[in-house]
Amino acid sequence: MSGGFDLTAYLAGEAGPIQAALERAVHGLGAILPPDVSAAVAHGVLAGGKRLRPVLCVTAYRACGGADPGEAPYDLAASLELIHAYSLMHDDLPCMDDAELRRGRPTTHRLHGDDATIRGGAALIAAAALRCWDAAVRLGCAPPAAGHVTSRLLSAAGGGGMVGGQWVDLEGEGQSLGADELDGLHRRKTGALLEASLLVGARAAGASPAELSGLATYGRAVGLAFQIADDILDATQDAATLGKNPPDAALEKSTYVALYGLDEARRRARDQVDAAVAALSGAGLDAPALVTLARYVVERQH
Ligand code: GRG
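Remember, predicted model here, so these are calculated numbers, not experimental data.

Draft legend 1. Spatial organisation of the overall build of the protein chain. When helices and strands are counted, the protein chain shows 14 helices and two strands. The C-alpha atoms of the protein chain give a radius of gyration of 18 Å, which matches the 19 Å a tight globule of 302 residues would have. Oriented by its inertia axes, the alpha-carbon framework of the protein chain measures out at about 50 × 50 × 35 Å. Buried positions account for 52% of the 302 residues belonging to the protein chain. Restricting the contact set of the protein chain to residue pairs at least 6 apart, pairs at least 24 apart contribute 75%. Working note: accessible area of the protein chain is about 12,500 Å², and carbon and sulfur atoms make up 55% of it. Of the charged side chains in the protein chain, 26 are positive and 36 negative, and the gap between their average positions amounts to 3 Å.

Draft legend 2. Spatial organisation of unusual backbone geometry. A positive phi angle is found at Arg 51, which is not glycine, with a value near 65 degrees. The exposure class assigned to Arg 51 is buried, which follows from its relative accessible area of 8%.

Draft legend 3. Broad picture of the site of the ligand. The full set close to the ligand counts 19 residues, and Lys 50, Arg 53, His 84, Asp 91 and Arg 103 are the nearest of them. Contacts to the ligand include Lys 50, whose side-chain N or O atom sits 2.5 Å from an oxygen atom. Arg 103 places a side-chain nitrogen or oxygen 2.8 Å from an oxygen atom of the ligand. Coverage of the ligand by the protein amounts to 87% of the 750 Å² it exposes when considered alone. Looking at the shell around the ligand, the elements with two or more residues in it are α4 (72–91), α8 (162–171), α9 (179–204) and α10 (209–236). Among the elements that take part in the shell around the ligand, α4 stands out by supplying six residues, more than any other. For the shell around the ligand, a count of residues per class yields seven nonpolar, six polar and six charged.

Draft legend 4. Just the packing of helix α1 (residues 7–30) against helix α2 (residues 35–46), in detail. With their axes 10 Å apart at the nearest point, α1 and α2 run at an angle of 165 degrees to one another. On the basis of the axis angle, α1 is roughly antiparallel to α2. At the point where α1 passes α2, the crossing takes the right-handed sense. Of α2, the residues touching α1 (which contributes Gln 19, Leu 22, Glu 23, Val 26, Leu 29 and Gly 30) are Ser 38, Val 41, Ala 42, Val 45 and Leu 46.

Draft legend 5. Quick look at the pattern of salt bridges. Considering all chains together, one arrives at 21 salt bridges under this definition. Note that Arg 51 is salt-bridged to Glu 81, the shortest N-O span being 2.9 Å. Of this pair, Arg 51 sits in the loop between α2 and α3 (52–63) while Glu 81 is found in helix α4, placing the two residues 30 residues apart along the sequence. The exposure classification of Arg 51 matches that of Glu 81, with both residues buried. Notably, a salt bridge pairs Glu 173 with Lys 253, separated by 3.2 Å at the nearest N-O pair. Within this pair, whereas Glu 173 is found in the loop between α8 and α9, its partner Lys 253 is found in the loop between α11 (239–242) and α12 (256–260), the two being separated by 80 residues in sequence. Overall, the relative accessible area of 13% leaves Lys 253 in the buried class. A cluster of three or more residues bridged by salt bridges with shared partners is formed by Arg 24, Glu 71, Asp 75, Asp 134 and Arg 138.

Draft legend 6. Structural detail: the packing of aromatic side chains. Applying the stated rule across the entire model yields two aromatic pairs. Seen in terms of ring centroids, Tyr 256 and Tyr 260 are 6.2 Å apart; in terms of plane orientation they differ by 10 degrees. Their pairing is stacked. You can see Tyr 256 and its partner Tyr 260 sitting in helix α12, four residues apart, about one turn around the helix. Just above the ring of Tyr 260 sits the side chain of Arg 268; from NZ or CZ to the centre is 3.9 Å. In this structure, Arg 300 is placed above the aromatic ring of Phe 226, and the distance from its NZ or CZ to the ring centre is 4.1 Å.

Draft legend 7. Representation of the nonpolar core. Counting residues in each nonpolar core, the largest one holds 80 residues, and the members touching the most others are Leu 76, Leu 124, Leu 215, Tyr 218 and Leu 290. Ranked by residue count, the leading element in this core is α4, at eleven residues. With residues near it in sequence (within four places) discarded, Leu 215 still touches Ala 60, Cys 64, Leu 198, Leu 199, Ala 202, Leu 280, Leu 285 and Leu 290. With ten residues, the next largest nonpolar core counts Leu 224, Ile 228, Ile 232 and Ala 265 among its residues.

Draft legend 8. Seen up close, the environment of Gln 19. Secondary-structure assignment places Gln 19 in helix α1. For Gln 19, a relative accessible area of 25% translates into the label partly exposed. Sequence separation between Gln 19 and Leu 198 is 179 residues; the distance between their C-alpha atoms is 19 Å. Once residues lying within four places of it in the same chain are set aside, the contact partners of Gln 19 are Leu 46 and Arg 51. Here the side chain of Gln 19 touches Arg 51 through a polar contact of 3.3 Å, side chain to side chain.

Conventions we followed
Residues numbered from 1 in each chain as written. Predicted model: local features only at pLDDT ≥ 70, side-chain atom pairs only at ≥ 80, totals over all residues. Heavy atoms only, no water. Helix = DSSP H or I, 4+ residues; strand = E, 2+ residues; numbered from the N terminus. Rg over C-alpha atoms; globule rule 2.2 N^0.38 Å. Buried < 20%, exposed > 50% of the residue type's maximum accessible area, 1.4 Å probe, protein only. Contact = heavy atoms within 4.5 Å. Areas by Shrake-Rupley, 256 points an atom, 1.4 Å probe, with all protein chains shown as cover. Lys, Arg positive; Asp, Glu negative; His and termini not counted. Charge placed at Lys NZ, Arg CZ, Asp CG, Glu CD. Near = heavy atom within 4 Å. Polar contact = N/O pair within 3.5 Å; in protein donor to acceptor, adjacent residues only side chain to side chain. Nonpolar A, V, L, I, M, F, W, Y, C, P; charged D, E, K, R; others polar. Axes fitted to C-alpha atoms, helices over the stretch in contact; angles between N-to-C directions. Parallel < 35°, antiparallel > 145°, perpendicular 65-115°, else oblique. Left-handed = near helix turned anticlockwise from the far one by under 90°. Salt bridge = Lys/Arg side-chain N within 4 Å of Asp/Glu carboxyl O. Phe/Tyr/Trp six-rings, centres within 6.5 Å; stacked < 30°, edge-to-face > 60°. Lys NZ or Arg CZ within 6 Å of the ring centre and 35° of its normal. Core = buried A, V, L, I, M, F, W, Y, C linked by side-chain atoms within 4.5 Å.

Written out as structure tokens, the structure reads:
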């Protein structure tokens, strides 16, 4: 419990409908993909994860007045997690981080092979876009608005966002990046999709320009806080607790802990959380779930 808002109960309440939406998506793909690719997709999407992106999406949807009680908000939110799942499946491949463990389990390619993982990940990108568009229309968005919602998702996933950030990250291995370079890399690699999670939900709810701008500022600050917290966890916890292997140090990646030290990194993460919360109130958004989620992002243990 934090600030009177019970985040644990909130997340537990969201877990079921989010999982059901992800199962609908995986089931839909199962009907069109070969069995080995389908099995890789099922593992990559359904086997664990905090579901932070879909939670941000449905929470922003409601904070901006969205009131559809059915499956559509969760199908919209699932589109963010499908992009996230593909990115982790591909990130763990031997040609990228060559990881053996993710979410406490063997990575998708270790279980289902590189080929099925590459193909399944690629299929998830288009599936996410289709699901996002379809859910936005079911939520009452006219085609131009549904197009805006979907382009928000895809621009965050693409070269100007996550893919571009990943490329800079891989190029930067073995080099020591400065503060601006590190911020820029993580804004694209991690921050863009977190920000898009909020804006996709908000836009589908017909948010005002002030709400969109407040949520964008919140999302950028939470994205940075999330990454700093990730680096702190990576530097302070073992692979079994983290459920992830290898650590960033083994990949010679630049991190906020290496740049600032642990104490200063923690202080910067808290500053970002304060900035995120201030952006919500500045936009007139009364959203205790988002305030508590911002704190959770830096206090989490995995
Ligand atoms: C072709 C260059 C190129 C890129 C392809 C692989 C890829 C696209 C992008 C990788 C992006 C990536 C791995 C970003 C890291 C995001 C991140 C911090 C993941 C961990 O997020 P959590 O903690 O994970 O939300 P869970 O397991 O809870 O879902």
